[in-house]
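Spelled out from the first residue to the last, the chains are:
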Amino acid sequence: MKYQSQRIAWLFFATCMLLFGLQIIYGFIMAFAHMGLDGLHDWIPFNAARAVHTNLLVVWLLSGFMGAAYYVIPEECDRELWSPRLALVQWGSLVLVGVVAIVGFHFGWWEGRKFLEIPRPLDYLVVVNVLAFLLNIGMTIWKAPRYTTTAMVLYVGLVAAALLYLPGMIAFDNQVFDSYYRWWVVHLWVEGVWELVMGGIVAFLLIKLTGVDREVIEKWLYVIVGVTFLSGILGTGHHYYYIGTPNYWLWIGGAFSALEPVAFLGFAWYGIAMARKGGRRHENGTALQWTLACCVMSFVGAGFLGMAHTIPAVNKWTHGTLITAMHGHLAFWGAYALLVLAFISYALPQLTGRARYKSALGQWAFWTSNIGMLGMTGAFAVAGIAQVYMERMSGMDFLEVQEALEVHFIGLALAATLFTIGIICYIVDFAKHGLPTLEALRVDPGTPPAPAAAEVLA
Ligand code: HEM
Ligand code: HEM
Ligand SMILES: [Fe+2]
């Protein structure tokens, strides 16, 4: 690391590890409930477990994005963070809001709107928290001697994500309006502005890890961002098919969302092409592995599996089934969980000065978690297809179908166990790096020395 204020990122990353671990526990509670083993029902009913599982996911991902921004922005802007103290307070309040929300869900304090379950009073605290974060990052950029495309794409993505939280806070009596604006948050986040955050972070990682020139990497970043918005904004229509909105959304949503995979294909090509091009490649090969996995798996989970149910004629049958869970898992894992894990793998040795680049634990974490998640996606897919045929096409009773699907959740639990072993390895590796230290300042043991002038001329 170059600046001591970058150390604040570690707190956000440690928070990610903790909340990610908790998220997995609630995943297992639901997997067992699906098998008919719902012993915890009186304390943690399925709806509470589901809200906790998905909200913990969103909070740990946001915590990862914030940590990454606190690390990237000072380095890209060539100065210390504007206010490390404000960053510390902002971290504390983020954790506080997260804990209160999660505890509240167990007591039925929630709004019941998928992904936006956090009750209104807490929403206002989220807004204050995010404003403090954006002020700190914004002032750092404002006072900087230089700023880069990478920094600006990341910042614009974060500001836009904050603005798009607001439509979800408007109160409606009408279910159609409520759904309509809920998608402005959920869809325009993951298929719009979060992709800018992904673009900014992936570009930063590729610059650091592949050694390819910044100009080349940033030029392609513009192209991917362009395709994202061209397809993703009107692609929101794939959530407006049969919910009481006008019919033209069938065409608009179908056509534009079918173009969305192109942006993710762009990411896959981008990562692989830059890594192959190579330059002065960084020694932290594990971080590059996670970065490339993010580029490729986001295409598989979001692009390919999104495409699988985005056409109205298909979505008519699959809407709200386990097919959605299949896609939701691999898309979130590929695009955003892997993004945060890739960034942490890069930043941790920089923050702590411990270059555990080739640790066996790191490799176990990588392969086991990715193979486990692919297995989980397969289990959800098989269950989802069976569900669509039985419940939607043959008209079997909902609960009868749920019972028939129980067997598939044994497969899910087995794959999830493999996945969890991988994540435990990741968390142990994280702990083994130890705490950030000032001795790590301005030392990057992973970058090979610049070639001597004679070598360049030759
Ligand atoms: C990283 C990007 C993405 C993530 C994280 C993601 C995640 C999700 C999640 C969690 C849901 C369930 C939302 C809810 O019901 O509240 C969902 C729904 C959906 N996604 Fe994605 N998605 C991504 C990209 C895509 C893309 C690129 C496509 C199309 C090509 C797509 C197509 C769909 C469709 C059609 C639904 C509605 C499913 C239904 O009707 O039940 N997604 N996505
Ligand atoms: C041990 C690991 C995990 C298990 C056993 C698990 C299990 C489950 C189950 C059973 C559901 C509910 C499906 C339903 O509504 O019936 C669910 C929902 C969900 N999980 Fe997980 N999960 C795990 C890890 C993860 C991870 C790592 C992510 C993200 C990267 C994730 C993202 C989601 C999302 C987005 C939903 C909502 C899907 C939808 O809208 O349909 N889960 N999970
Ligand atoms: Fe969407």
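Residues numbered from 1 in each chain as written. Chains lettered and ligands numbered in written order. Predicted model: local features only at pLDDT ≥ 70, side-chain atom pairs only at ≥ 80, totals over all residues.

**Focus on the overall build of the protein chain**
Check the secondary structure of the protein chain and you find 15 helices and 0 strands. Here the C-alpha radius of gyration of the protein chain, 22 Å, is about what a compact globule of 458 residues would show, namely 23 Å. If you line up the protein chain on its principal axes, its C-alpha atoms span 75 × 45 × 45 Å. Expressed as a percentage of contacts within the protein chain between residues at least 6 apart in sequence, the contacts between residues at least 24 apart total 83%. (Helix = DSSP H or I, 4+ residues; strand = E, 2+ residues; numbered from the N terminus. Rg over C-alpha atoms; globule rule 2.2 N^0.38 Å. Contact = placed C-beta atoms within 7 Å.)

**Side note on helix 5 (residues 149-163)**
An α-helical turn contains 3.6 residues, so a residue and the one three or four places further along point in the same direction. Over its 15 residues, helix 5 extends 21 Å from the first C-alpha to the last, a length consistent with the 21 Å expected when each residue adds 1.5 Å. When helix 5 is considered as a whole, its buried residues turn out to be Thr-150, Ala-151, Val-153, Leu-154, Tyr-155, Gly-157, Leu-158 and Ala-161. (Expected span 1.5 Å × (residues − 1). Buried ≥ 20, exposed ≤ 12 C-beta atoms within 10 Å, placed from the backbone.)

**What to know about the site of ligand 1**
Contacts to ligand 1 come from 26 residues, most closely from Ala-302, Gly-306, Gly-328, Ala-331 and Ala-335. Elements supplying a minimum of two residues to the shell around ligand 1: helix 6 (175-210), helix 8 (248-277), helix 9 (285-307) and helix 11 (322-352). Looking at which element gives the most residues to the shell around ligand 1, the answer is helix 11, with 6 residues. When its residues are assigned to classes, the shell around ligand 1 shows 9 nonpolar, 14 polar and 3 charged. (Near = placed C-beta within 6 Å. Nonpolar A, V, L, I, M, F, W, Y, C, P; charged D, E, K, R; others polar.)

**Focus: the site of ligand 2**
Around ligand 2, 20 residues are found, and the nearest of them are Gly-27, Met-30, Gly-328, Phe-332 and Ala-416. Looking at the shell around ligand 2, the elements that each hand over two or more residues are helix 1 (8-34), helix 2 (46-77), helix 11 and helix 14 (408-432). Sort the elements by how many residues they give to the shell around ligand 2 and helix 11 lands first, with 7 residues. Within the shell around ligand 2, the residues separate by chemical class into 11 nonpolar, 8 polar and 1 charged.

**With respect to unusual backbone geometry**
A positive phi angle, near 60 degrees, is found at Asp-78, a position not held by glycine. Mapped onto the elements of the fold, Asp-78 is located in the loop between helix 2 and helix 3 (84-106).

**Some details on the environment of Ala-48**
Along the chain, Ala-48 falls in helix 2. Along the sequence, Ala-48 and Phe-107 sit 59 residues apart, while their C-alpha atoms lie 8.6 Å from each other.

**Comments concerning the packing of helix 9 against helix 11**
At a minimum axis separation of 8 Å, helix 9 and helix 11 run at an interaxial angle of 165 degrees. When the axes of helix 9 and helix 11 are compared, the pair comes out roughly antiparallel. Where helix 9 crosses over helix 11, the handedness of that crossing is left-handed. Classifying every residue of the contact of helix 9 with helix 11 by side-chain character gives 18 nonpolar, 8 polar and no charged. (Axes fitted to C-alpha atoms, helices over the stretch in contact; angles between N-to-C directions. Parallel < 35°, antiparallel > 145°, perpendicular 65-115°, else oblique. Left-handed = near helix turned anticlockwise from the far one by under 90°.)

**So, the environment of Ile-207**
Within the element layout of this structure, Ile-207 appears in helix 6. In this structure Ile-207 comes out as buried when scored by C-beta crowding, with 21 C-beta atoms within 10 Å.

**Considering helix 7 (residues 214-235)**
The terminal C-alpha atoms of helix 7 lie 31 Å apart, and with 22 residues this matches the ideal 32 Å at 1.5 Å per residue to within 8%. Those residues of helix 7 not exposed but buried are Ile-217, Leu-221, Ile-224, Val-225, Thr-228, Ser-231, Gly-232 and Gly-235. Packing partners of the buried residues in helix 7 comprise helix 5, helix 6 and helix 8.

**Quick notes on the packing of helix 11 against helix 12 (residues 360-393)**
Any two packed helices are characterised by how steeply their axes cross, that is the angle between the axes, and by the distance between the axes. Orientation of helix 11 relative to helix 12, taken along the N-to-C sense of each, is 160 degrees, at an axis distance of 7 Å. Relative to helix 12, the element helix 11 lies roughly antiparallel. Handedness of the helix 11/helix 12 crossing: left-handed. Along its contact with helix 11, which presents Leu-322, Ile-323, Ala-325, Met-326, His-329, Leu-330 and Trp-333, the element helix 12 presents Met-373, Met-376, Thr-377, Phe-380, Ala-381, Ala-383, Gly-384, Gln-387 and Val-388. For the contact of helix 11 with helix 12, a count of residues per class yields 12 nonpolar, 4 polar and no charged.

**As for the environment of Glu-218**
Its place among the elements puts Glu-218 in helix 7. A tally of 18 C-beta atoms within 10 Å means that Glu-218 is categorised as partly exposed. For the pair Glu-218 and Ile-207, spaced 11 residues apart in sequence, the C-alpha separation works out to 9.0 Å. Those residues within four positions of Glu-218 in sequence are excluded, and the remaining contacts are Thr-149, Thr-150 and Ala-203.

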